[in-house]
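Fold and geometry: a report
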Amino acid sequence: MDRREYERMVDRFRRLVAPLPAWTVERQDGLPVVVDDVLGSGGVVLHLDSRWNAYLVRYFEAVDKDRLLELVALLEVVPPDGPAHRAAVAFLRSLRLGDD
């Protein structure tokens, strides 16, 4: 894969992440919810109501918009060959973003 195609894939990932709101996890009526944290609006983005709640809460607390943007920044500086590049390409392809 040439560097230009790799950069296009990174750009598509950035465009997926950039419009997301910043979020936090809170509890409403005893259930966890992911809420919009932009300017403290607190609007519910996602209700978590399944047997997987504990894992989903940990995920949404660990992987937030800022961390996803940091991942984009890391992908931008991956050297054009070697194991890191191969892993980055595999990750980006797994997202199946396609051309927009």
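Structural notes, computed from the coordinates. (Residues numbered from 1 in each chain as written. Predicted model: local features only at pLDDT ≥ 70, side-chain atom pairs only at ≥ 80, totals over all residues. Heavy atoms only, no water.)

1. So, the environment of Leu 95
- Structurally, Leu 95 can be placed in the segment after helix H4 (83–94).
- C-alpha separation for the pair Leu 95 and Val 45, spaced 50 residues apart in sequence, amounts to 21 Å. (Helix = DSSP H or I, 4+ residues; strand = E, 2+ residues; numbered from the N terminus.)

2. Here's the deal with the pairing of strand S2 (residues 31–36)
- As judged from the six bridges shared by strand S1 (residues 23–28) and S2, these two strands associate in the antiparallel manner. Each bridged residue has a counterpart across the sheet, and for Trp 23 the counterpart in S2 is Asp 36.
- Of the strand pairs in this sheet, S2 and strand S3 (residues 44–47) are connected by three bridges, and their pairing is antiparallel. Its bridge partner lying in S3, Val 33 is registered against His 47. (Pairing = 2+ DSSP bridges.)

3. Considerations on the pattern of salt bridges
- One pass over the structure, following the stated rule, counts seven salt bridges.
- A salt bridge links Asp 11 to Arg 14; the shortest N-O distance between them is 2.6 Å. Here the residue Asp 11 and the residue Arg 14 both occupy positions in helix H1 (residues 3–17), the gap between them amounting to three residues, near one helical turn.
- Residue class for Arg 14 comes out partly exposed when judged on its relative accessible area of 26%.
- Residue Asp 64 pairs with Arg 67 through a salt bridge whose shortest N-O separation is 3.1 Å.
- Given the relative accessible area of 17%, Asp 64 is considered buried.
- We classify Arg 67 as partly exposed; its relative accessible area is 43%.
- Bridged by salt links that share partners, the residues Asp 11, Arg 14, Arg 15 and Glu 76 form one connected network. (Salt bridge = Lys/Arg side-chain N within 4 Å of Asp/Glu carboxyl O. Buried < 20%, exposed > 50% of the residue type's maximum accessible area, 1.4 Å probe, protein only.)

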